[in-house]
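Structural overview for review
Each chain, written out:
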Amino acid sequence: MTYSEQLRQKIETRKARTGVVGLGYVGLPLAVELAHAGFSVTGIDIDQAKVDSLNRGESYIQDIPTSVLKPLVKSGLIKATTDFAAVADLDTINICVPTPLRKTKDPDMSYIVSSCQSIAKHFHAGMLVILESTTYPGTTDELMLPMFERDDLKVGEHFFLCFSPERVDPGNEKFQTKNIPKVVGGITPECTEVGALFYRQSLDTVVPVGSTRVAEMVKLLENTFRMINIAMVNEIALMCDRMEINVWEVIDAAATKPFGYMPFYPGPGLGGHCIPIDPFYLSWKTKQAGIEARFIELAGYINGQMPLFVVDKVQNALNDAAKPVKGSHIHVMGVAYKRDIDDMRESPALDVMMLLMKRGAKLTYSDPHVPHLRLEGGDLTALPEDTAAAADCTVIITDHSTFDYRGLLERAPLIVDTRNALKGYSSAKIVRL
Ligand SMILES: NC(=O)c1ccc[n+]([C@@H]2O[C@H](COP(=O)([O-])OP(=O)(O)OC[C@H]3O[C@@H](n4cnc5c(N)ncnc54)[C@H](O)[C@@H]3O)[C@@H](O)[C@H]2O)c1
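Attention in this report is confined to the structure presented alongside it. Values in this document were obtained by computation on a predicted structure and should not be read as measured data.

**Focus: the packing of aromatic side chains**
One pass over the full model with this rule turns up eight aromatic pairs. Here Y136 and W284 contribute two aromatic rings whose centre-to-centre distance is 4.9 Å and whose plane-to-plane angle is 50°, an arrangement assigned as tilted. Of this pair, Y136 sits in the loop between β5 (128–131) and α6 (139–148) while W284 is found in helix α10 (residues 278–288), placing the two residues 148 residues apart along the sequence. A residue is classified by how much of its surface remains accessible, and W284, at 24% relative accessible area, is partly exposed. The interplanar angle of 70° and the centroid separation of 5.6 Å between the aromatic rings of F225 and F264 together place this pair among those described as edge-to-face. Taken together, the residues F225 in helix α8 (residues 212–243) and F264 in the loop between α9 (247–254) and α10 connect sequence positions 39 residues apart.

Right, dumping it as structure tokens:
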């Protein structure tokens, strides 16, 4: 039997020993789906605290309840380690490590490189390796392949290498790892087929594509589309503000068009690990090919202005109430980067709060998902929602669904609403974005 035939057989009989490197927002849900499909899963992470927590069956990811994880750990289907020697016993590996930006907005490939170096030490014939971290086109064939291929280990023959973008949307109750279609592209057609077969065992829909570069570009197209459309609607919001038009009403009415329009919404700025970051992986790569990604740069600029716009709105609202921002008490509702999640990465709340602090405001916040907040000017602890009653102005940055908006409207003297969370309410207290 060829290596491909052996591996296919192991995958189809669920005897393949699977591994997930990087057990965060992407890796842990994937490990759970693999285990649900009947595979034994070894998670590898350099974070000892995550490994220990997983081995106790305790989840640290909001989308995975402990009640789901614990039985899988108890039955031995999932275990975790910090030791890459475990790779020697694995047949498949999905790599889900971070891909942040450096301060210069260049890709930080250090996590991919270091995890691949660690895997390569224990790598063996017959393995399937799939990169899931979002990255620039060419990462899998230019950067990863040379780390694994040798004279006696040929890709597509002795081992199989793919890229498959992760599209998970934390906090989304309708679409999760299992039912989000999975795009996968291999270095060779054989790699694509083995990769697609692997995902078909645990996920509902698999979409094979012609190469790793196509698969890499799919993710960047999706996230660049989102980033640019958000920037466009943010700019429309700035225009509407100047012309005293309610942008939210405009968007809702436009969204009644049954074709050719898709609503995007303005807000206090981009947040999260994907939309503010991924398009810059693309612009960095295309620059090398002599193409300036002008839409991306412009969208980055416009989205980057939004926290300042919100702070100016707050300052103007306070001025209208004859209160200077300096010394005013401003209460922030919601600091996570989006509704109903606990992720603070790149959250625009951090920028808004820092800017308000620099203008001399005294800050408090409420967020049921974020009990403590680390800011340059000092750490804050979440306070009850009724703190808004004592504040000069309340700013809604993240519209968590558990907030009591009616109560807020009753008790707060002044509210700047950056998310249209108070849709349907009409009051002179409300200043909308
Ligand atoms: N979070 C999302 O919503 C989301 C959605 C789609 C795609 N992605 C992409 O998926 C990738 C992972 O994102 P995430 O949100 O899961 O990140 P995360 O920070 O939640 O998890 C990454 C994990 O990798 C571990 N790690 C770092 N270096 C390692 C190494 N050398 N070896 C082993 N483990 C290592 C970290 O300790 C961490 O537990 C990123 O490329 C991201 O852009 C994320």
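**Notes on the nonpolar core**
Judged by nonpolar contacts, the single largest core of 117 residues is most densely connected at I78 and I330. If you tally residues by element for this core, the top one is helix α11 (residues 294–320), at 10 residues. Contacts of I78, omitting those with residues within four sequence positions, involve A31, V32, A35, V41, L54, L69, L72 and V73. Counting residues in hydrophobic clusters, the runner-up holds 12 residues, among them I396, A412, A421 and I430.

**So, the side chain of E216**
Mapped onto the elements, E216 comes out in helix α8. Look at E216: it is buried, it has no salt bridge, and the nearest opposite charge is R213 at 5.5 Å.

**A look at the site of the ligand**
Near the ligand lie 28 residues; those nearest to it are V26, D45, K50, T99 and T134. For the ligand, an oxygen atom lies 3.1 Å from a polar atom in the backbone of Y25. In isolation the ligand exposes 830 Å². Once the protein is present, 94% of that is buried. The element that contributes the greatest number of residues to the shell around the ligand is helix α5 (residues 110–120), accounting for three residues. The class makeup of the residues in the shell around the ligand is 14 nonpolar, eight polar and six charged.

**A word on the pairing of strand β10 (residues 362–366)**
A large share of β10 lies buried, amounting to four of its five residues. Across five bridges, strand β9 (residues 329–333) lies against β10 in parallel orientation. Looking at the pairing, H331 lines up with T364 of β10. The β-α-β motif built from β9, the intervening helix α12 (residues 348–358) and the parallel element β10 has right-handed crossover chirality.

**As for the packing of α8 against α10**
Closest axis-to-axis distance for the α8/α10 pair is 8 Å, and the angle between their directions is 115°. For the pair α8 and α10, the sense of crossing is left-handed. Every residue of α10 that contacts α8 at M217, K219, L220, N223, T224 and M227 is listed here: D278, P279, F280, Y281 and L282. For the contact of α8 with α10, the residue count by class is seven nonpolar, two polar and two charged.

**With respect to the pattern of salt bridges**
According to the stated counting rule, one finds 23 salt bridges in the structure shown. Ionic pairing is found between D141 and R213, a salt bridge with its closest N-O pair at 2.9 Å. Placement of D141 in helix α6 and of R213 in helix α8 is noted, with a sequence separation of 72 residues between them. Since its relative accessible area comes to 26%, D141 is described here as partly exposed. Its salt-bridge partner being R339, residue D399 comes within 2.8 Å of it at the nearest N-O pair. Of this pair, D399 sits in the loop between β13 (393–396) and α13 (405–411) while R339 sits in the loop between β9 and α12, and the two are 60 residues apart along the sequence. Judged by relative accessible area, D399 falls into the buried class, the value being 12%. With a relative accessible area of 46%, R339 lands in the partly exposed category. Bridged by salt links that share partners, the residues D141, E142, R213 and K285 form one connected network.

**Description of the pairing of strand β6 (residues 160–163)**
In β6, alternate side chains face the same way, and those of F160 and C162 on one face and L161 and F163 on the other are all buried. Sheet topology note: the β5/β6 ladder contains four bridges and is parallel. Residue pairing for β6: L128 is matched across the bridge by F160. Each parallel crossover has a hand, and the one from β5 via α6 to β6 is right-handed. Taken together, the two bridges between β6 and strand β7 (residues 182–186) define a ladder with antiparallel strand orientation. Along β7, the bridge assignment pairs F163 with G185.

Definitions and cut-offs
- Every chain is numbered on its own, with residues counted from 1 as its sequence reads.
- The model is predicted, so local features are restricted to residues of pLDDT at least 70 and side-chain atom pairs to those at 80 or more, both for listing and for counting; the totals for chains, interfaces and linings are taken over all residues.
- Hydrogens and water molecules were not included; the side-chain quantities draw on all heavy atoms of the structure.
- Any pair of Phe, Tyr and Trp rings, taking the six-membered ring for Trp, is counted once the centres come within 6.5 Å. Such a pair is stacked with planes under 30 degrees apart, edge-to-face with planes over 60 apart, and tilted for the rest.
- Working definition: helices are DSSP H or I runs of at least four residues, strands are E runs of at least two. Numbering for both runs from the N terminus.
- Only protein chains enter the calculation, and the probe is 1.4 Å; a residue is then buried if its accessible area is under 20% of its type maximum, exposed if over 50%, and partly exposed in between.
- Note on terminology: a nonpolar core comprises buried Ala, Val, Leu, Ile, Met, Phe, Trp, Tyr and Cys residues joined through side-chain atoms within 4.5 Å.
- In what follows, residue pairs with any heavy atoms lying within 4.5 Å of each other are defined as contacts.
- Under this rule, positive means Lys or Arg and negative means Asp or Glu; His and the chain ends count for nothing.
- Any Lys or Arg side-chain nitrogen located within 4 Å of an Asp or Glu carboxyl oxygen qualifies as a salt bridge.
- It suffices for a single heavy atom of a residue to lie within 4 Å of a molecule or strand for the residue to be listed as near it.
- Polar contact criterion, stated in full: a pair of N or O atoms within 3.5 Å, where within protein one must be able to donate a hydrogen and the other to accept it, and residues adjacent in sequence count only if both atoms are side-chain atoms.
- Accessible areas in this description were obtained via Shrake-Rupley with a 1.4 Å probe; residue shielding takes into account the shown protein chains only.
- Note that Gly is not counted as nonpolar here; it falls among the polar residues with everything else outside the nonpolar set of Ala, Val, Leu, Ile, Met, Phe, Trp, Tyr, Cys and Pro and the charged set of Asp, Glu, Lys and Arg.
- Only when DSSP finds a minimum of two bridges between them are two strands counted as paired.
- Crossovers are marked right-handed if the path from the first strand over the helix to the second runs clockwise, as seen with the strands pointing away from the viewer.
- Orientation is described by axes fitted as lines to C-alpha atoms, over the contacting stretch for helices, and by angles from 0 to 180 degrees between their N-to-C directions.
- Throughout, a crossing is termed right-handed when the near helix is turned clockwise from the far one, and left-handed when it is turned anticlockwise from it by less than a right angle.

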